[in-house]
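# Fold and contact review
The residues making up each chain are set out below.
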Amino acid sequence: MAIELPENVVISKLDELASWGRKNSLWPMPFATACCGIELMATGASRHDLARFGAEVFRFTPRQCDLMIVAGRVVMKMLPVLQRIWQQMHEPKWCISMGACASTGGVFDTYSVVQGIDRFIPVDMYVPGCPPRPEQLIQAIIDLQDKIQAEGTVSGREFNTSRRQEPKRALLELPVLQNTPPRV
Amino acid sequence: MPVTTAIESIIRRVDGVTTDAYKAQHRMTAPVDSIHEVLAMLHGDYGFDLLVDVTCVDYLNYRDADHRFGLVYVLSNTDNNARLIVRTYVDDPEPTVPSVTDLWKGADWMEREVWDMFGVRFADHADLRRILLPDEFAAHPLRKDYPLQGRGERHNFPVLTRDHE
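Bear in mind that the values here come from a model prediction, so they are computed numbers and not experimental data.

### Considering the overall build of chain B
The number of helices and strands found in chain B is three helices and seven strands. Ordering the α and β elements of chain B from the N terminus gives α-β-β-α-β-β-β-β-α-β. Considering only C-alpha atoms, chain B reaches an extent of 70 × 35 × 30 Å along its principal axes. Relative to its full complement of 165 residues, chain B shows a buried share of 30%.

Put into structure tokens, the structure is as follows:
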């Protein structure tokens, strides 16, 4: 039995419609701590024009954002701030780790620099480069849009799969400060 | 008053003070017992009213070094732009030097930074807390015997996953 539709009616799945809406209106939270932040600003500015992909509205409060872009190295003292901001963002939310430092610590393998933010917060997309070109960041955002479209649901159950809940590599296999000497 | 006059005068007045110069840079070394006296003279009598920097050098395993830590005070006279570097040496255990916050108020944070990074105590400092590192940090990382990659401090955080939120 065929139903005749008017020309201005489109049939879609509600999940896909929600994902389509989400992926085309990403609001980035710029967590820019280093030179990657300059490339992030260039990406948002007129030459590279992130507005073409619906992600140009940078907001400096996590409560209005759904995409955290960590651009630059994160030091040990900054990590609680990063985690707090991540927790303040509303679901559904995504995270891009931009550049070598945010992804792996980069050249800063020292006592104070966190060796990759994915050890402590979930990351959806990694951008290599030191710093990455704006084109690379835009590519990451496009890839993230595909990911959002592919797995998004209205209820957000894609955030609750067993694969998502696997603990990040991180603490168990790394040396942890066991016997802290008494504070002087 | 040229800086050389101040140096010569202090050498006459205080025992154990030595001096050397490289081009126009004048340096003075005082024993730790008289470092506060020397700095007070330079501040009060010779017009060194600006303490540019207080920093420290760890001479562990350094060639020909006699002491563990070298404290460096960089002074400036804002009237005639004279510069003078004053040094003193301290050793383990419990390296301690007198605080100069009574002479220059600006020494406060610089001495806290030296304490934070090198673990050199400043006697009579009113508020000797860590300034850069987190309060619970248990080491002094610019010491030469501290490993570059730390002792696991940077891994000591809770891991956030999506199901915990």
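### Points about the overall build of chain A
For chain A, the count of helices and strands is six helices and four strands. Reading the secondary structure of chain A in the N-to-C direction produces α-β-α-β-α-β-α-β-α-α. Burial analysis of chain A (184 residues in total) assigns 34% to the buried set. Considering only contacts within chain A whose residues lie at least 6 apart along the sequence, 79% involve residues at least 24 apart.

### Observations regarding helix H2 (residues 36-44) of chain A
Residue and element names in this part refer to chain A. Of all the residues in H2, the buried ones are Cys36, Glu39, Leu40, Thr43 and Gly44. For H2, the angular spread of the buried residues around the axis is 140°, confining them to a single face. For H2, the elements touching its buried residues are strand S1 (28-32), strand S2 (67-71), strand S3 (94-98), helix H4 (99-104) and helix H5 (134-151).

### Observations concerning the sheet that holds S1(A)
The pairing of strands in a sheet happens through backbone hydrogen bonds and is either parallel or antiparallel. All names here are of chain A. If you walk across this open sheet you meet the four strands as S1-S2-S3-S4, and the pairing is parallel. Of all the strands in the sheet, the pair left with one neighbour each is S1 and strand S4 (125-127). The mean angle between the axes of side-by-side strands here comes to 15°, regardless of whether they run parallel or antiparallel. Inspection of the sheet shows S1 paired to S2 by five bridges, in the parallel sense.

### Side note on the sheet that holds strand S2 (residues 25-29) of chain B
All names here are of chain B. With mixed pairing, five strands are arranged side by side in an open sheet as S1-S2-S5-S4-S3. With one partner strand each, in any of the chains shown, strand S1 (18-22) and strand S3 (50-58) form the two edges of the open sheet. Within this sheet the neighbouring strands show an average axis-to-axis angle of 20°, counted without direction. Of the strands in this sheet, S1, S2 and strand S5 (83-90) touch helix H1 (residues 3-13), which is tilted by about 15° from S2. Its contacts with the sheet place helix H2 (residues 35-44) against strand S4 (69-76) and S5, and it is angled at close to 170° to S5.

### Observations concerning the nonpolar core
Within the largest apolar cluster, 38 residues are counted, with the highest numbers of intra-cluster contacts made by Leu67(A), Met68(A), Ile69(A), Val70(A), Ile96(A) and Met98(A). Leave out the neighbours within four places in its chain, and Leu67(A) touches Leu26(A), Trp27(A), Pro28(A), Met29(A), Ala55(A), Trp94(A) and Ile96(A).

### Brief notes about the packing of helix H1 (residues 14-23) of chain A against H5(A)
All names here are of chain A. Following both chains from N to C, one finds H1 and H5 inclined at 160°, their axes separated by 8 Å at the closest point. Accordingly, the angle class assigned to the pair H1 and H5 is roughly antiparallel. The crossing of H1 and H5 is right-handed. Listed contacts from H5 to Ser19, Trp20, Arg22 and Lys23 of H1 are Gln145, Ile148 and Gln149. Here the contact of H1 with H5 is built from residues that sort into two nonpolar, three polar and two charged.

### Let's talk about the pairing of S2(B)
Residues and elements named next belong to chain B. Summarising the sheet, S1 and S2 pair through five bridges and their orientation is antiparallel. Looking across to S2, one finds that Ala21 is bridged to His26. Linking two consecutive strands that pair antiparallel, namely S1 and S2, is a turn of two residues; a positive phi of about 50° is found at Lys23 within it.

Cut-off values and rules
- Within each chain, residues carry numbers counting from 1 in the order of the written sequence.
- The order in which chains are written sets their letters, starting at A; the order in which ligands are written sets their numbers, starting at 1.
- Totals for whole chains, interfaces and linings use every residue, but because this is a predicted model, local features are given only for residues with pLDDT of at least 70 and side-chain atom pairs only at 80 or more, for both listing and counting.
- Each helix is a run of H or I in the DSSP string that is no shorter than four residues. Each strand is a run of E no shorter than two, and both are numbered from the N terminus.
- For the exposure call, what matters is how many other C-beta atoms sit within 10 Å of a residue's own: 20 or more marks it buried, 12 or fewer exposed, and in between partly exposed, using C-beta atoms placed from the backbone.
- A residue pair is marked as a contact if its C-beta atoms, positioned from the backbone, fall within 7 Å.
- Picture the helix axis, draw a direction to every C-beta atom, and the arc is the one those directions span.
- Between any two strands, at least two bridges found by DSSP are needed for them to pair.
- A fitted line through C-alpha atoms serves as each axis, taken over the contacting stretch for helices, and the angle formed by two N-to-C directions is quoted from 0 to 180°.
- Structurally, a nonpolar core is described as a collection of buried Ala, Val, Leu, Ile, Met, Phe, Trp, Tyr and Cys residues joined by way of C-beta atoms within 7 Å.
- An angle counts as roughly parallel when it lies under 35 degrees, as roughly antiparallel when it exceeds 145, as roughly perpendicular when it falls between 65 and 115, and as oblique in every other case.
- Crossing handedness: left-handed means the near helix sits turned counterclockwise from the far one by under a right angle, and right-handed means the same turn made clockwise.
- When residue character is reported, Ala, Val, Leu, Ile, Met, Phe, Trp, Tyr, Cys and Pro are called nonpolar, Asp, Glu, Lys and Arg charged, and the others, Gly included, polar.

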